[in-house]
Amino acid sequence: MIVLGIESTAHTFGAGIMDGQGNALANVKDSYVTKKGGMIPARAAQHHVEVCGDVIRRAMETARLRWKDIDAIAFSQGPGIGHSLRIGAMMTRSLASRLGLPLVGVNHCIAHLEIGRVMTRAKDPVLLYVSGANTQIIAYEGKKYRIFGETLDIGVGNLLDSFARTLGLGFPGGPKIAELASKGKTYIKIPYAVKGMDVSFGGINTFLKNMIREGKHTKEDLCYSLQETIFAMLLEVSERAMAHCGKNELVLGGGVACNTRLQEMAGQMCRERGARMYVPENQYLTDNGAMIAWLGLLQYKAGNRTSIEESVTLPYQRTDDVEVTWRN
Ligand code: ATP
Ligand code: FE2
């Protein structure tokens, strides 16, 4: 079985192709970026309109497939930014009706988790899912992927992107903050905002902006201290979720998981508790079409179909809205 997956929840338009054995035959993407300033939703959507045809064509070429080889088309139905989601949904509907192929709408957050599982061969992990808009600690319990902890306000990536914008750096900011952080020397105390099993980043954002205004610390030290603090917060909650659920695997997912310091700290936490930490390749951490294809394939095999009428975008869909039909 071969499934094409279309990703367009935010700044990335991606097309990926997966086979039934969990091999990625193609994973092509094109992302909207800026040199200065943040992401403007209407511009990201315009970017997707411009690149979508070419990205899908390149995916088909990379996989060396013809349309008759494709069994179904999956697309990210939600959650995400309405402007961006609509382009992927429209493209998928057009392709599916033109080619007479079945459609499968998938949840973007669960796709991050399932691609992590198949690529690393982790069996029943806790997922630390850290991206721009989302920050969730997820585990499978009773037919659903349950959120054990999450951000109470902005996603951790949004915090990094927002601070990067304050520093006059472009979007995405995560890699630029990481680069500055590697040159930091002194730890500055930053508010540590864990509330029960949840985390909060809004106050930290304000705190950092004030610090920059006061000009007492270098941006390298601030970035370094920021990373140390927020990663410790995320791993504290992840560790508690692992203990609570009795799971001994941790999988990292989402664009922020590309950060090597986060990977290092997660590895250390897992080692200390006799657990294993897994990270898929960067191309499967940031938004990508392969993860959409893979979840689509799992759902398709479980008998899931989305009719054209049902294929509306779901910008606010929650991870635990979805019944997991493909795991036993
Ligand atoms: P979602 O819809 O799941 O919220 P997203 O649109 O935010 O996804 P991703 O590609 O999963 O997309 O994540 C993007 C985020 O990852 C951005 O906030 C970016 O700054 C951050 N990021 C990318 N690389 C790194 C890195 N090396 N270190 C830290 N953050 C990173
Ligand atoms: Fe994502």
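Structural data are supplied above this passage.
A short tour of the structure in this document, coming up. Bear in mind the structure is a predicted one, so any value in this text is a computation, not a measurement. All chains use their own residue numbering, which begins from 1 and follows the written sequence. Think of it this way: whatever chain is written first is A, whatever ligand is written first is 1, and the rest follow in order. Under the rules for a predicted model, residues below a pLDDT of 70 receive no local features and side-chain atom pairs below 80 are neither given nor counted, while totals for whole chains, interfaces and linings still include all residues. Hydrogens and water are ignored here; the side-chain numbers use all heavy atoms of the structure.

**Overview of the overall build of the chain**
Right, on to step 1. Looking only at helices and strands, one finds 10 helices and 12 strands in the chain.
Right, on to step 2. In terms of overall size, the chain behaves like a compact globule, its C-alpha atoms giving a radius of gyration of 20 Å where 328 residues would be expected to give roughly 20 Å.
Right, on to step 3. Burial classes follow relative accessibility: with a 1.4 Å probe on protein chains only, a residue under 20% of its type's maximum area counts as buried, one over 50% as exposed, and anything between as partly exposed. Put simply, the chain has 328 residues, and 55% of those count as buried.
Right, on to step 4. By sequence separation, contacts in the chain at least 24 residues apart represent 76% of the contacts at least 6 residues apart. Under the scheme used here, helices are H or I runs from DSSP no shorter than 4 residues and strands are E runs no shorter than 2 residues, and both carry numbers assigned from the N terminus. The quantity called the radius of gyration is restricted to C-alpha atoms. Its globule counterpart is 2.2 Å times the number of residues to the power 0.38. The criterion used for residue contact is that any of the two residues' heavy atoms lie within 4.5 Å.

**Notes on the packing of helix α6 (residues 202–214) against helix α7 (residues 219–245)**
Right, on to step 1. To get an axis, a line is fitted to the C-alpha atoms, and for a helix only the part in contact is used. The angle between two axes follows their N-to-C directions and goes from 0 to 180 degrees. Put simply, α6 and α7 touch, their axes get as near as 12 Å, and they point 170° apart. When the axes of α6 and α7 are compared, the pair comes out roughly antiparallel. For the crossing formed where α6 meets α7, the hand is right-handed. On α7, the residues touching I204, L208, M211 and I212 of α6 are L222, L226, I230 and M233.
Right, on to step 2. Its residues assigned to classes, the contact of α6 with α7 shows eight nonpolar, no polar and no charged. Throughout this description, any angle smaller than 35 degrees is read as roughly parallel, any larger than 145 degrees as roughly antiparallel, any in the 65 to 115 degree range as roughly perpendicular, and the remainder as oblique. Each helix crossing is assigned a hand: it is left-handed if the near helix lies turned anticlockwise from the far helix by less than a right angle, otherwise right-handed if that turn is clockwise. Throughout, the ten residues Ala, Val, Leu, Ile, Met, Phe, Trp, Tyr, Cys and Pro are labelled nonpolar, Asp, Glu, Lys and Arg are labelled charged, and all others, Gly among them, are labelled polar.

**Digging into the coordination of the iron ion (ligand 2)**
Right, on to step 1. Donors, by definition, are the N, O and S atoms found within 2.8 Å of a metal, the threshold being 3.2 Å for Na, K and Ca, and water is not counted, so a site can look incomplete. Protein-derived ligands of the iron ion (ligand 2) are H108 (NE2), H112 (NE2) and D287 (OD), with the metal-ligand distances lying across 2.0 to 2.2 Å.
Right, on to step 2. Binding-site remark: the iron ion (ligand 2) is held by donors from one chain whose sequence spacing is H-x3-H-x174-D. Of this pair, H108 sits in helix α3 (residues 108–120) while D287 sits in the loop between α9 (282–285) and α10 (289–301), placing them 179 residues apart in sequence. With respect to burial, H108 and D287 carry one shared label: buried.

**Brief notes about the sheet that holds strand β3 (residues 24–31)**
Right, on to step 1. Any two strands with at least two DSSP-identified bridges between them are counted as paired. Spatially, β3-β2-β1-β4-β5 is the arrangement adopted by the five strands of the open sheet, whose pairing is mixed. On the outer flanks of this sheet lie β3 and β5 (103–107), each paired with one strand and no other. Neighbour-to-neighbour, the strand axes of this sheet turn through a mean angle of 20°, independent of strand direction.
Right, on to step 2. Pairing of strand β4 (residues 72–78) with β5, which is carried by five bridges, proceeds in the parallel orientation.

**Concerning the pattern of salt bridges**
Right, on to step 1. The salt bridge definition used is simple: a Lys or Arg side-chain nitrogen within 4 Å of an Asp or Glu carboxyl oxygen. Scanning the entire structure with this criterion turns up 14 salt bridges.
Right, on to step 2. The partner of D124 in a salt bridge is K247, and the shortest N-O contact between them spans 2.8 Å. Here the residue D124 occupies a position in the loop between α3 and β6 (126–130), and K247 occupies one in the loop between α7 and β11 (249–253), the gap between them amounting to 123 residues.
Right, on to step 3. A salt bridge links R318 to E150; the nearest nitrogen and oxygen atoms lie 3.2 Å apart.

**Description of the packing of helix α4 (residues 156–166) against α7**
Right, on to step 1. Following both chains from N to C, one finds α4 and α7 inclined at 170°, their axes separated by 12 Å at the closest point. What the angle tells us is that α4 and α7 run roughly antiparallel. The segment α4 lies against α7, with V156, L159, L160 and F163 engaging L222, C223, L226, I230 and L234.
Right, on to step 2. Per-class residue counts for the contact of α4 with α7 are nine nonpolar, no polar and no charged.

**Let's talk about the nonpolar core**
Right, on to step 1. Take the buried Ala, Val, Leu, Ile, Met, Phe, Trp, Tyr and Cys residues and link them wherever side-chain atoms come within 4.5 Å; each set so joined is a nonpolar core. If you look at the biggest cluster of nonpolar residues, it comprises 45 residues, and the most contacted ones within it are L128, F201, I204, L226, I230 and L250.
Right, on to step 2. The dominant element in this core, judged by the number of residues it contributes, is α7, at 12 residues.
Right, on to step 3. Counting residues in hydrophobic clusters, the runner-up holds 33 residues, among them A74, V104, V106 and Y129.

**Structural notes on the side chain of T229**
Right, on to step 1. Inspection of the secondary structure puts T229 in helix α7.
Right, on to step 2. Leaving out residues up to four positions away in the same chain, T229 has contacts with Y187, I190, P191 and Y192.

**Re the pairing of β4**
Side chains on a regular strand alternate between the two faces of the sheet.
Right, on to step 1. When you tally the buried positions in β4, you get seven out of seven residues, the bulk of the element.
Right, on to step 2. Here strand β1 (residues 2–7) pairs with β4 via four bridges, running parallel. Counted as the bridge partner of V3 is A72 from β4.
Right, on to step 3. On the question of chirality, the crossover connecting β4 to the parallel β5 by way of helix α2 (residues 82–99) is right-handed. Crossovers are marked right-handed if the path from the first strand over the helix to the second runs clockwise, as seen with the strands pointing away from the viewer.

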